[in-house]
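# Structural overview for review
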Amino acid sequence: MATRLDALDLGLRLSRAEEAERIVAAQDRLLWLRLTLGGQVAAGSEPRIGPPVCVMFEGWDASGKGGCIKRLVAPMDPRHVRVAQFAAPTYDEKRHHFLWRFWPALPGWGGMAVLDRSWYGRVLVERVEGFATEEQWRRAYDEICEFERTLMAEGMILVKFWLHLSEDEQLRRFERRQADPLKRWKLTGEDWRNRGQRAAYGAAVEEMLVRTDTDVAPWTLVEGDSKRWARVKVLETVIAAMEGGMRRHGIALPARAPAPSDDPGTPG
């Protein structure tokens, strides 16, 4: 039976020139939107802080999450965005409800956070590896959906990405990393072991999409075999989400992209 991941066109591509042009335009727009939401510039009469923005990345190992995050935050001042990475929970974190450790990383009004991995580990790695009981990970779908509904009800702009990658392309990236002494650190024995369990992870991903793709917090699936395509899609999706959130909250959108002489990110 065909799945949502099977339906993605992994042959989508952009030329280097197309990627560069769209990345520059997207980063300019992102900077203006971020500064407007942070109350640093005014699109209307007076600056005011806007709703929090949380961009969350999940995906296969070597699917390009780091490259997308790098280009997403590149135009922003480090004071205006926080990147948080989540690995296995610590001993102390395991003493609490699994969602507990994510609260401190969430942005408040006027803030923005980018999460490299997230609470979806409960229904992915913890499910597949047996770190959570079946009762725990099955219960987690409803807990996650209610958690996200709570965040959205408070005004958050939540963008959820799954970066999809073919088995062949993943193997090529693994082998390139293994051969590059400056990138070899990114590849671990666990990555190779996870690759051997792709069928189990694929089933977990598909159920996650079915159970947690909601009207208030939908998933965006990203065709990741082309890094250029994936990076542009991520940036343009975040822009659309931020603009939609601003409209919902009655915040005027910046009317234009910046000219080089008045770029708010350029020191005066």
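Residues numbered from 1 in each chain as written. Predicted model: local features only at pLDDT ≥ 70, side-chain atom pairs only at ≥ 80, totals over all residues. Heavy atoms only, no water.

### Some remarks on the sheet that holds strand E1 (residues 53–59)
Here we have five strands laid out as an open sheet, ordered E2-E3-E1-E4-E5, and parallel in their pairing. Two strands lie at the open edges of the sheet, namely strand E2 (82–85) and strand E5 (219–223), each paired on one side alone. In this sheet, neighbouring strand axes are inclined to one another by 20 degrees on average, regardless of whether the strands run parallel or antiparallel. Pairing analysis gives five bridges linking strand E4 (residues 157–164) to E5, with the strands arranged parallel. If you follow Phe161 over to E5, its bridge partner there is Thr220. Of the strands in this sheet, E1, E2, strand E3 (112–116) and E4 are in contact with helix H2 (residues 65–73), which crosses E1 at around 160 degrees. (Pairing = 2+ DSSP bridges. Helix = DSSP H or I, 4+ residues; strand = E, 2+ residues; numbered from the N terminus. Axes fitted to C-alpha atoms, helices over the stretch in contact; angles between N-to-C directions. Contact = heavy atoms within 4.5 Å.)

### Topic: helix H8 (residues 227–248)
Taking 1.5 Å per residue as the helical rise, H8 with its 22 residues ought to reach 32 Å, and the 32 Å between its terminal C-alpha atoms agrees with that figure. Looking one or two places after H8, you find Gly250, whose phi comes out positive at around 70 degrees. (Expected span 1.5 Å × (residues − 1).)

### What about H2?
Along H2, the positions that sit buried rather than exposed are Lys65, Gly67, Cys68, Ile69, Leu72 and Val73. Those residues of H2 that are buried lie in contact with helix H1 (16–37), E1, E2, E3, E4 and H8. (Buried < 20%, exposed > 50% of the residue type's maximum accessible area, 1.4 Å probe, protein only.)

### Things to note about the pairing of E3
For E3, the buried fraction is high: five of the five residues fall into the buried class. Side chains Met112, Val114 and Asp116 of E3 all project onto a buried face; the interleaved residues Ala113 and Leu115 project onto the opposite face, where all are buried too. As paired elements, E1 and E3 share five bridges and run parallel to each other. The residue of E3 that forms the bridge with Val55 is Val114. Across four bridges, E2 lies against E3 in parallel orientation. Counterpart to Gln85 in the pairing with E3 is Asp116.

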